[in-house]
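Given next are the chains, with one letter for each unit.
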Amino acid sequence: MIESRATRIGLKVWTLLVVLFLHLPIVIIILYAFNAQTAQGWPITEWTTKWFSPTLHDEEMRQALWLSLKAAVGATVIALVLGSLAAFAIHRFKFFGRDMISFVFILPIALPGIITGMALNSFFVFWHVNFGIWTIIVGHATFCVVIIFNNVIARLRRTPTSLVEASMDLGADGWQTFRYVTLPTISTALVSGALLAFALSFDEVIVTTFTAGVQNTLPIWIFGNIRIGQQLPEVNVVVFLILIGTILPVTIAQRLTSESGILRTRR
Amino acid sequence: MRAFFELLPPLAWFFLLYLAALAVLFVSAFWSVDPFTTEVVHTWNTENFREIVTSPDWRRVVYRTVGIAAAVTITDAILAFPIAYYMARLASPRMRTLLFVLVLLPLWSSYLVRVYAWKVILAQNGILNWSLEKIGLPAANIGYTNTAMWLVFSYIWLPFMILPVYASLERIPDSYIEASHDLGGRGFRTLRSVILPLALPGIVAGSIFTFSLTLGDYITPTLVGGASSSFIGNIVYNTGLGAAGNLPFAAAFASIPLLVMAIYLLLARRLGAFEAL
């Protein structure tokens, strides 16, 4: 180690502070789910779980949740198919414009959300498409593809090609090789990619407002309530459940692959 | 041949849908709305752009958006570099994995929830003012200001900066740093002449996200920004979807971040940021 003692201590303290900065707001908002008052002040003087039951039975919230779940499943399935197909092709063959394609895939998340949202909105209006669950799914699938694509291609790059060659040498046809060799090697990458794509779709709000029409997804329901400051105790409960609900899939995804997500690190 | 069939569906999706949609957006920016019928008129004119460029109000919105996006990017780079350095070069493997998860978890927890958390924290009777009062300081009252937006954006996008910077630092071989020391480069000199230039692609890669995501947001300005703190996104949202709908004008306004990002991405490519993504 070349860094001086002072530098090392300084870096350690900085790291600790940044981690606290990243997590304290989340911890604080979790506490509010148990706030007995309807006002959102600090400190919380009275604790309760009384908001959980009315929240879970709120018809509007349930419809929004159901729409979000359906849209996230639809977007994830489409992204799985498109993303892995693209990863196979790009991994296996070198051709003109290969880098261009990965660039195009990342555009929906690299470009500001309102651009993707506004673009899809004008596109649907131009073709007189009615807004509904399918327009939401199309929007979400578009920015989820890159996650599956990145996950699968990173896994394919780390898998030696000799495995596939061996399978072919031993007389397996293309389908058998895919079924018994390729699929098992990429399966965890697919699962973790799917979990992350699902989480991303479930949470998305900017593109969604431009493609949802009059329907509410759960994030739009939350946003609407926060903006005008109504039903905040219910919002707090939903927020708490969402946080708990996302920790699980993300941790699983992280365990399955180290290459997850939009930002992969090469190891 | 097989690659062609594999590529066809994803490419069709992106070209016929996404890129076509971007094209429609860009073209419709040159259309206008008939003031009497509120129908979109498909005649080519640059009126929308002229209005944006000449109106001081619209210009202020653009400056505010780009200015805060730049400030957020710089803040995140400063916050991220030391922790990324610690993760890449000093932390034990177990510690590194732990930090990795600790940085990733907020990134994947709901964006809206995190903005909401800050709205509650920064409120007049929120925890920030309460804590300041407890230690005898005056209340900050930064809720609903540009400062609040800067703080919240920096918070929200910070993981997007830490991860690529970490990746680029991790790839610097120890021998480079040792060589610099052997040649007499003291700590700061090594940092400036060896580490920073090699970390630059990672910082630029992170900045694509921090800059672009701030540029295209309207949720944070709506929830924690003040009365006159509209972003480009708010204008696009209000004119594109609002009651007084003017889709062509919204499209014209949305092409500003598109243009800014196109230039930014080209520059980033020059600096090798795409290798670091």
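Residues numbered from 1 in each chain as written. Chains lettered and ligands numbered in written order. Predicted model: local features only at pLDDT ≥ 70, side-chain atom pairs only at ≥ 80, totals over all residues.

Moving on to the overall build of chain A. Each helix and strand in chain A was counted, giving 11 helices and zero strands. If one aligns the C-alpha atoms of chain A with their principal axes, the spans along those axes are about 70 × 65 × 30 Å. Counting over 267 residues, chain A shows a buried share of 47%. Pairs at least 24 residues apart make up 79% of the contacts formed inside chain A by residues separated by at least 6 positions. (Helix = DSSP H or I, 4+ residues; strand = E, 2+ residues; numbered from the N terminus. Buried ≥ 20, exposed ≤ 12 C-beta atoms within 10 Å, placed from the backbone. Contact = placed C-beta atoms within 7 Å.)

Residue and element names in this part refer to chain A. The residue after Trp42, namely Pro43, is reached through a cis peptide bond having omega 0°. Phi angles above zero are rare outside glycine, and His128 is one such case at about 55°. Here His128 shows up in the loop between α5 (113–126) and α6 (133–158). We note that Gln231 has phi near 50°; this positive angle belongs to a residue other than glycine. Take Gln231: it is sitting in the loop between α10 (218–228) and α11 (232–256). Under the C-beta neighbour-count criterion, Gln231 is labelled buried, with 22 such atoms within 10 Å.

This part is about helix α11 (residues 232–241) of chain B. In terms of residue burial, α11(B) counts as a mostly covered element, since eight of its 10 residues are buried. Taken as a whole, α11(B) has its buried residues at B:Ile232, B:Gly233, B:Asn234, B:Ile235, B:Val236, B:Tyr237, B:Thr239 and B:Gly240. Each element contacted by the buried residues of α11(B) is listed here: α5 of chain A together with α3 (56–90), α9 (187–215), α10 (219–224) and α12 (247–270) of chain B.

All names here are of chain B. Along the chain, Ile83 falls in helix α3. You can call Ile83 buried: it has 28 C-beta atoms within 10 Å. Between the C-alpha atom of Ile83 and that of Asp182, which follows or precedes it by 99 residues, the distance is 26 Å.

The next thing to look at is the interface of chain A and chain B. Facing 70 residues of chain A, the contacting portion of chain B comprises 78 residues. Ranked by the residues each element gives to the side of chain A that touches chain B, the list is headed by helix α1 (residues 5–32) of chain A, at 16 residues.

Attention now moves to the nonpolar core. Ranked by internal contacts, the top residues of the largest apolar core, which has 168 residues, are A:Ala79 and B:Ala84. Examining the composition of this core, we find that 18 residues originate from one element, helix α7 (residues 146–170) of chain B, more than from any other. For B:Ala84, the residues in contact, after removing those within four places along its chain, are B:Ile162, B:Val165, B:Tyr166 and B:Leu169. (Core = buried A, V, L, I, M, F, W, Y, C linked by C-beta atoms within 7 Å.)

Here we come to the environment of B:Arg270. With respect to the helices, strands and loops of the structure, B:Arg270 is situated in helix α12. Each C-alpha atom of the pair B:Arg270 and B:Pro201 lies 9.5 Å from the other, and the pair is 69 residues apart in sequence.

Looking now at the packing of helix α8 (residues 174–203) of chain A against α11(A). All names here are of chain A. For the pair α8 and α11, the least separation of the axes is 9 Å and the interaxial angle reads 150°. Taken together, the axis directions place α8 and α11 in an arrangement best described as roughly antiparallel. Viewed along their axes, α8 and α11 form a crossing whose handedness is left-handed. Residue-level inspection shows Thr188, Val191, Ser192, Leu195, Leu196, Phe198 and Ala199 of α8 in contact with α11, the latter providing Thr246, Pro249, Val250, Ile252, Ala253 and Leu256. (Axes fitted to C-alpha atoms, helices over the stretch in contact; angles between N-to-C directions. Parallel < 35°, antiparallel > 145°, perpendicular 65-115°, else oblique. Left-handed = near helix turned anticlockwise from the far one by under 90°.)

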